[in-house]
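Residues per chain, in single letters:
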Amino acid sequence: MPSASSDYGGGALVPISPESEVAAVYPLHHGLKYPISRLSISWSRGNSLLVSVFASPPSGDSVEDDAGGKVVEVKLGGGDGEISDAHWRRIAYDSVSPFALLQSRKNAVSSLSKMSMNSPYDADWWDYIMEYSKGINALLGSQRSASVPAIDDPKLVITKGEEPTSLKAAWELLEMFYAENPSHSWLPERLVDWLADYDSLFSGTHPTVHSKLVDFQKDLVNLQVVEENPKYWEVISSALAVGWLDIVVKMLRLHGSYRLDQLSNRETENGLVEAVAVLISKMPRMRLDQEAGKLGECFKAKPDFVKAWEKWRGQIYKLDSSAFWFQCAHQQTREGLRSMLQIMLGNANSLSSATFHWIELYISHLLYIRPFTVGLESMYSLTQKSIQLKPMASAHRLMGLIIGILGENTEVVLAECLKGFGPWMVAHAMELLAAGSDHAEMLLHEERQNLGGISIEELHQLIYAQVLSSHPLTWQIAPIYLISCMKHGMVLLQILLSKQPVQDNQLLLKSIEICRLYELHSITSNIMKITGVHHWKHGRKGCGVFWLQQARDEYRLNRIAQQLFDSVGKSISDESFKQWEGLIQLLGSDSKTAGGLEFLHKYRDFKKSLQHVYDGKTTDAARKAVESLILLMKNPSTPQRFYLPLLYDSLKLLNWKDRPLLNVSQTNLLLTKLQDLSMARLRPDFVESELPPQALNSVRLALATNLGRAILEE
């Protein structure tokens, strides 16, 4: 990586200053028997290195198969254990369309805003942001909730759907707090739904409500009387604390008092269980909509919710002080139900005992202690309190992101997105962060001198474009992100396209297509020139001339003509004629395209006519050959050094036995050209043709003889 003070260079699209980090160690499993004598390191695909390990056996030992060395591929970076490289590439490709659509709309809104000081497009922009966020969210995977089975299993308390990913969980957090209006009162309920989908992500390193439910479900199969098992009441209380009401009610209905043979003996106990279940199923919930099968009464207006909440709490107090508890003989049921009532009444100690990490405790406080919280009101202080009560030994990468969001710290959110989820996340989440607040928009869009005059938003888009450019399977989508960068994007796009290899025809055509799409005509021409020179130097002369013609490179076509001239000026019997004849055919007759090669095209026609004469054709063929010769000698593009080879190859025409084929004026023209050749040979830069020593005298004699015969005939 170049230093922060260095210019763009070293093959990197974006210079990134190195940070003080602990050096990463990558083990090499080469399996060689002998000591290592030398290492050779080169880049492979993507972020992988090819390490060639060379071993030298001790003197006197026989050379075995592994004595020479091994080539080991080392993948840099820890990667993402949840998402494979192929899946990441699919995400990268699928996210191009929503990103490009949003950028197009952004440019349109910006243009309209410049024309009118009072822009009416703020509401539409929020709709665009939500559509963009939903589009990205959809490609990250489906909802974790599994489909409802046709036959309900009463002992199946938690269903297993598609495994969640931290990337999708992080995106939904950003969507929840930034794309949606965070001032809405249903934010606590959105967090309940989020935790229900993604609490399992924390189960790998910490106990969670989800992991406790999964463990209990394994034991549930062998339990006959569930209410006598302490874990039964523990997991019910934990699920209730985080608002998973449908699971709580379903587990309560597993209580033994619901059995037909127990109803008569445990009527009071069953009544208390059912009363708690009904209270839970009627819990007021402040949310936009209620999914089918979910319990609780939904309220959209805060006054209605407050009124229903106070009524519901009054019913809980009334049940908690009821005399029926003294009539309940089953101790575990009595204690378990009353513990659940304490959770619904917002007892802080009960909530702390029922939860396992600070996010669960935090959500339980929002549900039962601060149910009227609006937006981010006092949320950060509650976060700090929850972390103190339920600290975590090793923080999950989602934890830092949540803390940054709740603390309304855009810099921390950016840093956690980059550290935990990579450049893709930052590049695509930027619009969500900017939509969340005016302060964030100013922070992200302000041009900074220490970044070379670009904004933070443009910097991270450039970084992501460089990541895409480093892999042969994703480089072609990097231009979408580069063109969204107003300062340096177009320049870096030109660098990217100019660095693409020209050996692969498909890559070449893709580069040209991208250039034409963004009207980079000069880059298109340069790519074609490089391709033409590459093919020419590697012996594919026809391909080389084709691409140079496409680039309209007159200079190099003329240089190629000079090289061809060296092989053309030979006798017609030379076998080299067939080697360059096809190339001349490719050149065409358009002088603007062929450049200095126009002469070779006409020379090819003359050679063909002359070949018919040597094959014993009639006088008509000889006359056509003479016409081609005269056209060549009159053409100003014919080099003077070819005058003598042309006339020497035409000796049979000049000495035609039946009658002279050239009239007096044509013969004088050829004599004049021969005189011009004599003057040109005096110049130091003149190149002599490889002809026999007597060639000039033979031509002069033939022209003099033909002139005399032509005069006599006329």
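Before reading further, recall that the structure is shown in the block above.
Residues numbered from 1 in each chain as written. Predicted model: local features only at pLDDT ≥ 70, side-chain atom pairs only at ≥ 80, totals over all residues. Heavy atoms only, no water.

A few words now on unusual backbone geometry. For E519, which is not glycine, the phi dihedral falls at a positive 60 degrees. If you check the backbone angles, R552 has positive phi at about 55 degrees while not being a glycine. Of note, R552 is situated in the loop between α24 (541-550) and α25 (554-568). The class of R552 is exposed, set by a relative accessible area of 59%. (Helix = DSSP H or I, 4+ residues; strand = E, 2+ residues; numbered from the N terminus. Buried < 20%, exposed > 50% of the residue type's maximum accessible area, 1.4 Å probe, protein only.)

Once that is clear, we can look at helix α5 (residues 187-198). Relative to the 16 Å expected for 12 residues at 1.5 Å per residue, α5 spans 16 Å between its end C-alpha atoms, a close match to the ideal helical length. Burial within α5 is extensive, with nine of its 12 residues counted as buried. For α5, the full list of buried residues reads L187, P188, E189, L191, V192, W194, L195, D197 and Y198. Looking at the buried residues of α5, the elements they touch are α4 (166-179), β4 (284-286), α14 (358-368), α15 (379-389) and α16 (397-406). (Expected span 1.5 Å × (residues − 1). Contact = heavy atoms within 4.5 Å.)

Moving on: α15. Within α15, burial applies to M379, L382, T383 and S386. Buried residues along α15 cover an arc of 105 degrees about the axis, so they all sit on one side. Buried-residue contacts for α15 involve α4, α5, α14 and α16. (Arc of directions from axis to C-beta.)

Moving on, we come to the packing of aromatic side chains. The full count for this structure, using the stated rule, is 15 aromatic pairs. Geometrically, the ring pair formed by W358 and Y362 is edge-to-face, given 6.4 Å between the ring centres and 75 degrees between the ring planes. Here the residue W358 and the residue Y362 both occupy positions in helix α14, the gap between them amounting to four residues, near one helical turn. The buried category is assigned to Y362, whose relative accessible area is 3%. Grouped by ring-pair contacts, the aromatic residues W88, Y132, W171 and W424 constitute a single cluster. The positively charged end of R38 is found above the aromatic ring belonging to F54, 4.3 Å away from the centroid. (Phe/Tyr/Trp six-rings, centres within 6.5 Å; stacked < 30°, edge-to-face > 60°. Lys NZ or Arg CZ within 6 Å of the ring centre and 35° of its normal.)

Opposite charge on two side chains lets them pair, provided their charged atoms get close. Tallied over the entire structure, the rule returns 15 salt bridges. The residue E175 makes a salt bridge to K134 at a minimum N-O spacing of 2.9 Å. Here E175, found in helix α4, pairs with K134, found in helix α3 (residues 122-139); they are 41 residues apart in sequence, far enough to count as distant. According to the relative accessible area criterion, E175 is buried, its value standing at 2%. Residues K419 and E416 are paired through a salt bridge, measuring 3.7 Å at the closest nitrogen-oxygen approach. Taken together, the residues span about one helical turn, with K419 and E416 both in helix α17 (residues 410-436) at a distance of three residues. Classification of K419 as exposed rests on a relative accessible area of 66%. (Salt bridge = Lys/Arg side-chain N within 4 Å of Asp/Glu carboxyl O.)

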